[in-house]
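Tertiary structure, described
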Amino acid sequence: MKAGYIGLVGLPNAGKSTVVNAIIGEKVSIVSRKPQTTRKRVLGIYSDANTQAIFLDAPGLVKAEAGLNHFLQKELESVIRESDILAAVLNLDAYKIEPLIEIIEMCKNSGKPWMAVLTKDDLSLLHRNEKLREVLQPLKIPIVLTSALRRPEELKELILTPLVQMLPETKAPYYEDEIYTTQSEREILAEMVREQCFEYLHEELPYGVAVKTLSFKEEDTIIKAEVEIIVSKENYLGMVVGQGGQTIKRIGASSRILAEKFFNKKMFVKTSVKVRKDWTSDEKFMKEMGYVVS
């Protein structure tokens, strides 16, 4: 059979999480209109009788010397280093073409097999499409043009087929067939709540938010969970809670609906908010949250 690790590399908001979710057929990575929502690599695992494709959904390309953005940069570098093959996810609506060229160079210089996935072709950005193809075609790599508007089944076939051809041969799969993510139930719920924070909070606020699942208890007919939303500034507290508690109620209600669909069980999700000043610069706290800065 063929099995291996596939690193998805691209700018923030390039559509990497959408690609992973479509291929796996389950929601394993949060999706938001806001950029840079992926903070930790998420293993999405696709398995069939002859193939196991393990996707590493890397944070978008950023550069920083310290704090959370430094962690994101290190995560990206690690994904490139540890993957067997790479997929450069290149969004045609990028503000400038230079960062897309940088991603192409990163994949090319890795020395690993790779392909290019040009996303957001529904925006009819033909000039950008032509420029990228001029750069990519001499490299003789597979090039796929797609968008999130395509049906998941079509998206899956377009991207998965060339990737599987590049996967190394192995004697056995790395994971059992029924496993499609290595995230725990607590981590999945926390990411769902964080996704809804991006949906209902505005400006820079979601980037100063972390989410921790304090408890997760599964009973016969219901799952009872307690989730804490952590903000980095005192004045963020009221913004997350909202007037009369309306904002946090919306976040909690939307998260519960997503969780009930995912876990296929009635959910009770208690949400609270806590201030942890400047947590994005607190290396000890980031390690507690799983953001390991090397």
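So, here's what we can say about the structure.

Reading the values: the criteria
- Residues numbered from 1 in each chain as written.
- Predicted model: local features only at pLDDT ≥ 70, side-chain atom pairs only at ≥ 80, totals over all residues.
- Heavy atoms only, no water.
- Helix = DSSP H or I, 4+ residues; strand = E, 2+ residues; numbered from the N terminus.
- Buried < 20%, exposed > 50% of the residue type's maximum accessible area, 1.4 Å probe, protein only.
- Areas by Shrake-Rupley, 256 points an atom, 1.4 Å probe, with all protein chains shown as cover.
- Polar contact = N/O pair within 3.5 Å; in protein donor to acceptor, adjacent residues only side chain to side chain.
- Contact = heavy atoms within 4.5 Å.
- Salt bridge = Lys/Arg side-chain N within 4 Å of Asp/Glu carboxyl O.
- Pairing = 2+ DSSP bridges.
- Axes fitted to C-alpha atoms, helices over the stretch in contact; angles between N-to-C directions.
- Parallel < 35°, antiparallel > 145°, perpendicular 65-115°, else oblique.
- Phe/Tyr/Trp six-rings, centres within 6.5 Å; stacked < 30°, edge-to-face > 60°.

1. Some words on the overall build of the chain
A count of helices and strands for the chain gives 9 helices and 9 strands. Relative to its 294 residues, the chain shows a buried fraction of 50%. Carbon and sulfur atoms make up 50% of the accessible area of the chain, which amounts to about 14400 Å² in all.

2. Points about the side chain of Thr 170
Looking at the secondary structure, you find Thr 170 in the loop between helix H5 (152–166) and helix H6 (185–200). For Thr 170, a relative accessible area of 19% puts it in the buried group. A distance of 3.3 Å separates the side chain of Thr 170 from the backbone oxygen of Ala 172, its partner in a polar contact. In contact with Thr 170, other than residues within four places in its own chain, are Met 1, Lys 2 and Ala 3.

3. As for the pattern of salt bridges
Inspection of every chain in the model, using the stated rule, returns 5 salt bridges. The closest approach of N and O atoms between Lys 108 and Glu 105, which form a salt bridge, is 3.3 Å. Note that Lys 108 and Glu 105 are positioned in helix H3 (residues 98–109) at a spacing of 3 residues, about one turn of the helix. A relative accessible area of 38% places Lys 108 in the partly exposed class. Residue Glu 219 is joined to Lys 224 by a salt bridge in which the shortest nitrogen-to-oxygen separation is 3.8 Å. Given a relative accessible area of 39%, Lys 224 falls into the partly exposed group.

4. Re the sheet that holds strand E7 (residues 209–218)
With respect to topology, 3 strands assemble into an open sheet ordered E7-E8-E9, the strand pairing being mixed. With partners counted over all chains shown, the strands left at the sheet margins are E7 and strand E9 (266–275), one partner each. Within this sheet the neighbouring strands show an average axis-to-axis angle of 20°, counted without direction. Bridge count between E7 and strand E8 (residues 222–231): 9 bridges; the pairing is antiparallel. Within E8, the position partnered with Ala 210 by the bridge is Ile 230.

5. What to know about the packing of helix H1 (residues 16–24) against H5
One way to put it is that H1 packs onto H5 with a least axis distance of 8 Å and a crossing angle of 100°. Here H1 is positioned roughly perpendicular relative to H5, judged by the angle of their axes. Where H1 approaches H5, its residues Thr 18, Val 19, Ala 22 and Ile 23 are matched on the opposing element by Pro 152, Leu 155, Lys 156, Ile 159 and Leu 160.

6. Looking at the packing of aromatic side chains
Aromatic ring pairs are reported here in terms of the distance separating the ring centres and the angle at which the planes meet. Counted according to the given criterion, the structure contains 4 aromatic pairs. For the ring pair Tyr 5 and Tyr 174, a centre distance of 5.5 Å and an interplane angle of 50° mean the geometry is tilted. Here the residue Tyr 5 occupies a position in strand E1 (residues 2–10), and Tyr 174 occupies one in the loop between H5 and H6, the gap between them amounting to 169 residues. On the accessibility criterion, Tyr 5 (21% relative accessible area) is partly exposed. We classify Tyr 174 as partly exposed; its relative accessible area is 43%.

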